[in-house]
Structure formats: C-alpha cells, structure tokens
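Breakdown of the fold
Chain residues, written in single-letter form:
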Amino acid sequence: MAAIPLNHALILAGLLFLLGLIGVLVRRNIIFILFCIEIMLNAAGLAFVAAGSRWEQADGQIMFLFILCMAAAEVAVGLALVLRMRHGLQTLDADAASRMRG
C-alpha cells in the first residue's frame, strides 16, 4: 500500500477544518454547531497523525489521543448544554442562549 503524501493529508485536514468552521459560523442549531466542532477537532487530529507519519514519530498519534479525550469531554458538556437549553427554552437555537438566566 502506497503512503499518502503529506501535502494531500494536510490539504484534506485544512478542508475539513474549513468545513467545520463554516458550519460553526453559519448554523444556528446547537447540535449542528457541536457536530461542526467535532469535525474541526478531527481535522486537527488528522494533521497531527499525517505529520507524525511523515517524520516516523508516534507524537502525532499521541496528540490525536489527547484530541479524542478533549472531544469526549466536549460531547459531555455539549450534551448537558443541549439538555438544559431544551428543558428551559424548548428550542435548540443558539441565539436563544443569550436569553438564558440563572
């Protein structure tokens, strides 16, 4: 199996990150925003793994494990936020979060 060139992997990571960033800026539904943040974290992880593979070091894979742990924490906090918004406001619109009190 042939190796993927570093520039191809970094271009893919950049495109995925850009896709996630556009989704965060454009979408108003909090679930889609959290999903786009996950895409951005995976793009950063892909860049770390590609760079680590290029220099034959395990550092990229170790950083990807840290990114996965951070993504799991983000999902837990995001789920709590979604449940709180749904219970208190009966909507998942991100603009409605500015009206949250207490």
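Residues numbered from 1 in each chain as written. Predicted model: local features only at pLDDT ≥ 70, side-chain atom pairs only at ≥ 80, totals over all residues. Heavy atoms only, no water.

**Structural notes on the packing of helix 1 (residues 6-26) against helix 2 (residues 30-54)**
At a minimum axis separation of 8 Å, helix 1 and helix 2 run at an interaxial angle of 165°. One finds that helix 1 runs roughly antiparallel with respect to helix 2. Helix-helix and strand crossings are classified by hand; for helix 1 and helix 2 the assignment is left-handed. When helix 1 is examined against helix 2, the residues L6, A9, L10, L12, A13, L16, F17, G20, L21, G23 and V24 are found in contact with a partner set consisting of I33, C36, I37, I39, M40, A43, L46, A47, A50, A51 and R54. For the contact of helix 1 with helix 2, the residue count by class is 19 nonpolar, two polar and one charged. (Axes fitted to C-alpha atoms, helices over the stretch in contact; angles between N-to-C directions. Helix = DSSP H or I, 4+ residues; strand = E, 2+ residues; numbered from the N terminus. Parallel < 35°, antiparallel > 145°, perpendicular 65-115°, else oblique. Left-handed = near helix turned anticlockwise from the far one by under 90°. Contact = heavy atoms within 4.5 Å. Nonpolar A, V, L, I, M, F, W, Y, C, P; charged D, E, K, R; others polar.)

**Quick look at the nonpolar core**
Membership of the largest hydrophobic core is limited to five residues, which are I30, L34, V82, M85 and L92. Contributing elements (two or more residues each) for this core: helix 2 and helix 3 (59-89). (Core = buried A, V, L, I, M, F, W, Y, C linked by side-chain atoms within 4.5 Å. Buried < 20%, exposed > 50% of the residue type's maximum accessible area, 1.4 Å probe, protein only.)

**With respect to the confidence of the model for the chain**
Caution applies to low-pLDDT regions: their predicted coordinates should not be interpreted in detail. In the predicted model, the chain carries a mean pLDDT of 91, and the fraction of residues at 70 or more is 95%. Taken element by element, the predicted model of the chain shows its lowest mean pLDDT in helix 3 (92) and its highest in helix 1 (97). (pLDDT = per-residue confidence, 0-100.)

**Structural notes on the pattern of salt bridges**
Following the criterion strictly, the structure yields one salt bridge and no others. R28 serves as the salt-bridge partner of D95, at 3.0 Å between the closest nitrogen and oxygen. Separated by 67 residues along the polypeptide, D95 in the segment after helix 3 and R28 in the loop between helix 1 and helix 2 bring together distant segments of the chain. Overall, the relative accessible area of 42% leaves D95 in the partly exposed class. (Salt bridge = Lys/Arg side-chain N within 4 Å of Asp/Glu carboxyl O.)

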